[in-house]
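# Descriptive structure summary
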Amino acid sequence: MGYDIDRFVGYVNEGLLCSICRDVLEDPLQAPCEHAFCTACIHGWLVHHSNCPEDRQMIDVSLLRPLYRYMKNDLNRLQLHCKNREYGCEMVCSLESIDRHERECEYSQIPCSNAGCTVQIERRNLDGHLAVCEYRSRECPNGCGYTILSVEDTQHNCVAELRTELELLRSEMICRVEEAKHEMESRLDSQRRHMVQKESILQNEIEELKSQMSRMMSDVRSLMAAERQHRQELEQAELEKRELMELLRALQKDCRLTTAEGSRKSTNFRPLTRLESVKRKPREVTVI
């Protein structure tokens, strides 16, 4: 159903009226023949018919399309009164914003929110009604904390209600403690598993470090042994070098003596004898 044409201020174009209900279009759809209808109206029509109610052309729900934009703009610009005008609302606004206004209108009739109350009251008077509604909920005046929802509830037993409340609190507390206990146990188990895994990883890392350190110590010992051997070989080579230098100096001295004495041939045999003794010594020079 469309909007009642009597609610509108000023002239309403004939093309903006529903061809079925003859009210102003509400949530409009357009047929291929360009006739426009309210969505609810045309869907209800097509349940029993298969043609346009204006020109009897064949139409189907799948052929319906939204209203042309220029027609939609003309429709949205129409001015109309709030539906709560009979209750005192004097608001006049565009069709485009009327739904938003009516959802918040202070003159709207709304039901009381208290269970069991069937009163329909204006939104602006709701707070006043709730304060005096016989179905309103309120606490027991004796201080037991019981919520009174009806007249019969005023005759309740405060001691029994307090006992019930305590039992409920006790049960709730026990449930919360159990939940906290289970949560803590779950967390502890998770942390324990994590710590065990971490300990295993650290232990493996320690063993690997020990193995690496052992290999490094073995390499250091090998290097130290090689260094000692090289040092000994160097010392031996130095000693042999000194002996050779002494021999060379002795040879040079013998050569000078030979040149000075001239004819004394017997002196030529001394350095040769010494040289032969040197040659007889077994030597091993290590090349580094």
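Thresholds applied
Residues numbered from 1 in each chain as written. Predicted model: local features only at pLDDT ≥ 70, side-chain atom pairs only at ≥ 80, totals over all residues. Heavy atoms only, no water. Helix = DSSP H or I, 4+ residues; strand = E, 2+ residues; numbered from the N terminus. Buried < 20%, exposed > 50% of the residue type's maximum accessible area, 1.4 Å probe, protein only. Contact = heavy atoms within 4.5 Å. Areas by Shrake-Rupley, 256 points an atom, 1.4 Å probe, with all protein chains shown as cover. Pairing = 2+ DSSP bridges. Axes fitted to C-alpha atoms, helices over the stretch in contact; angles between N-to-C directions. Arc of directions from axis to C-beta. Salt bridge = Lys/Arg side-chain N within 4 Å of Asp/Glu carboxyl O.

## A few points about the overall build of the chain
Looking only at helices and strands, the chain has six helices and nine strands in total. For the chain, with 288 residues in total, the buried portion stands at 25%. Residue pairs in contact within the chain that sit at least 24 positions apart in sequence constitute 29% of those at least 6 positions apart. Total accessible area on the chain is roughly 21800 Å²; 53% of this is exposed by carbon and sulfur atoms.

## Things to note about the sheet that holds strand S3 (residues 65–66)
Sheet architecture is open: three strands sit in the order S2-S1-S3, paired in antiparallel fashion. Of all the strands in the sheet, the pair left with one neighbour each is strand S2 (36–38) and S3. Inspection of the sheet shows strand S1 (residues 28–30) paired to S3 by two bridges, in the antiparallel sense. Looking across to S3, one finds that leucine 29 is bridged to proline 66. The strands touched by helix H1 (residues 39–48) are S1 and S2; relative to S2, the strand with the most contacts, the crossing angle is about 95°.

## Observations regarding H1
Here H1 has its buried residues at Thr39, Cys41, Ile42, Trp45 and Leu46. Along the axis of H1, the buried positions cluster into a sector of 165°, meaning they face one direction only. H1 presents Ala40, Val47 and His48 as exposed residues on the side facing more than 90 degrees away from its buried surface.

## Topic: the pattern of salt bridges
Overall, the coordinates contain eight salt bridges when judged by the stated rule. For glutamate 172, the salt bridge identified is with arginine 176, shortest N-O distance 2.6 Å. In this pair, glutamate 172 and arginine 176 both sit in helix H5 (residues 158–261), four residues apart, roughly one turn of the helix. Between arginine 187 and glutamate 183 there is a salt bridge, with the nearest N and O atoms lying 2.8 Å from each other. With a gap of four residues between them, arginine 187 and glutamate 183 both fall in helix H5, about one helical turn apart. Take glutamate 183: its relative accessible area is 42%, and that puts it in the partly exposed class.

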